Amino acid sequence: MESNLKRSLSMLMACIMVFSVAVVPARAEAAAGIDDIQEHIEDSAPPVDVPDEPAEAIEPAAPVEPAQPAETEPAATPDATEVPTSTPDDGPEPSETAMPSPSTAPESEPGATQGQEPEETPPTEETPTPEPTASAVPTPDEQALQLMMAASDYIINDGPVSITSPGAYTIAGDGTKTSNTISVDSPGEYYITLNNINIDCSATAGACAFGISNGATVYLELRSGNTLASGEGCAGLQVPEDCALIIEGGDTLTATGGAGQYLAGAGIGGAPSMVNGPITINGGTIYASGGSDAYYGAAGIGGGCQAGGRTITISGGYVTASGSSDSYYGAAGIGGGAMGAATEITITGTSNGWIKAYGTVTALAGGAGIGGGGSGAGINIKITDSIISANSGGYGAGIGSGGNCKGSDYGAADVEIPDGYRILTNIYISNCDVTATGSTYGAGIGTGASNGGAGLPAGHTTPTYAKVDIQDCTIQASASSYGVALGLGYYNRGTGSEETTQESVQMDMQISSCSIRAGGSTYGSG
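The following refers to the structure shown. Note that this is a predicted model, so its numbers are computed, not measured. (Residues numbered from 1 in each chain as written. Predicted model: local features only at pLDDT ≥ 70, side-chain atom pairs only at ≥ 80, totals over all residues. Heavy atoms only, no water.)

### Overview of a nonpolar patch on the surface
Going by this rule: Like charges within 9 Å and nonpolar side chains (Val, Leu, Ile, Met, Phe, Trp, Tyr) within 5 Å are joined into patches, using only residues over 30% in relative accessible area that form no salt bridge. To measure how exposed things are, a 1.4 Å probe is used in the Shrake-Rupley method; for residues, cover is taken only from the protein chains shown. We define a salt bridge as a side-chain nitrogen of Lys or Arg found within 4 Å of a carboxyl oxygen belonging to Asp or Glu. Each helix is a run of H or I in the DSSP string that is no shorter than four residues. Each strand is a run of E no shorter than two, and both are numbered from the N terminus.
Residues M509, I511 and I516 make up a contiguous nonpolar surface patch of about 220 Å² in total accessible area. Mapping M509 onto the fold places it in strand β30 (residues 505-512).

Have a look at this one:
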């Protein structure tokens, strides 16, 4: 009976050891647990009566199934009191290879002991991100530039821009100089925004900063400051006779024609020997200059050298226009190039802005501030509701014809003039504040010097005609030596020979409801 009890204990120990293989990862902990259980059972177990029937085998847990004990009661033996260490019926004793080793122990949280909650790992202190340096943080202006360039159709600093399909386009730049150019080459209407471009191709002959051609019409919007400087033989912003330009307004444009002795271009308008197409300025701040160092000058806005300026309309903005500097034959600020007449110049509604026009100062035939170039007439000049400052070059009028003009047939059909006369100038000014200064021999408002029949052969004096109509204006007009404030410039009578009996110039002047301050010059009247 006692032997059966011990057999049962032995079998229980085997089950516990099998259980420990599946659950307890550490061999030392499993062995210690079994010893504790055995000692507890032996010390505390009360004596029991064992029936004659053999004890029912205790079925161990899987995976090891112990053998069933014999059904007959075993015979007592002298060593029956000994506890067998192993018998065939006890089942296999767990071997050392069956015990888990540290390398085969189940994975657990780092630092955790089996049966214990894993210790919380203290949070790792994050390394603070260094503050960006000042150079790495774009300024508000740089951020605006980046956004603007990202939203543009073309970046001029990346390469030349050629547009051939009508539509709306934005051309942007980073403000630095580039020799890349812009061209609009096909018929149709184009809506173009210039934003912060700076094109300078002045060192390359024949390079046009912005050229319009083949019957295109361009509507131009200005954003930020924009600069166009062309090479010899081109206008800064070139508008041939079959094309049109409308500057809608916005910010600033500075346009300079190409320089060259015989190949000066207008700031805005025609190339050499090119009459400009229609130009309209509705707003913005515009600075336009004809190419410098030219024997024949070009207009700031209008014709190239040796070409007329036609159909120029300014209805708003701040406009400063200057003819070519250092020219022998000068050009108008707004109007004709050297040897070219101006026709159809209309300035209206600029009382919230101003117009400043400077003709070329020359040695022979200067251009008018507004009107004809050197030797050119100023035809159909109409100025209303505006603030005007106009200054001529040598021999030209502030507003009117250029110096040394012999009259023109162009546009005569649109002007009421006496039969058989050629026109020098016709001017209409209403509701304006005007400051007009004539040069040497030229009038402030009227004609330039040496107009009419001066210098023509005897008997071939051609009669010429000039008309000035001024209403409801504040006028400050003056001239330098030999010039007059209002009227005809010096030498405006026939001087061909003693046989000349007909006056070469006829002038009609009408002034009403005006405040006039007229300053004459040496030998000239106010």
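### Considerations on unusual backbone geometry
Which entries qualify depends on this criterion: Exposure is judged per residue with a 1.4 Å probe applied to protein chains only, and the accessible area is read against the type maximum: over 50% gives exposed, under 20% gives buried, and values in between give partly exposed.
The backbone of S224 sits at a positive phi, close to 65°, despite the residue not being glycine. Note on placement: S224 falls in strand β8 (residues 216-229). S224 sits in the partly exposed class, given a relative accessible area of 33%. Not every positive phi belongs to a glycine, and D293 is a case in point at roughly 55°.

### Overview of the sheet that holds strand β20 (residues 370-371)
Filter applied, for reference: Note on pairing: DSSP must find at least two bridges between two strands before they are called paired.
As summarised here, the arrangement of the eleven strands in space is β2-β4-β7-β9-β11-β14-β17-β20-β23-β26-β29, forming an open sheet in which the pairing is parallel. Two strands bound the open sheet, and with one partner strand each, they are β2 (161-163) and β29 (486-487). The pairing of β2 with strand β4 (residues 182-184) spans three bridges and is parallel. Across the sheet, V161 pairs through a bridge with I182, a residue of β4.

### Quick notes on the pairing of strand β10 (residues 244-256)
On a regular strand, one side chain projects to one face of the sheet and the next to the other, so that they alternate. Pairing analysis gives eleven bridges linking β8 to β10, with the strands arranged parallel. Looking at the pairing, L228 lines up with A255 of β10. Alignment of β10 against strand β12 (residues 279-281), held across three bridges, turns out to be parallel. Paired with L245 across the strands is I279, a residue of β12.

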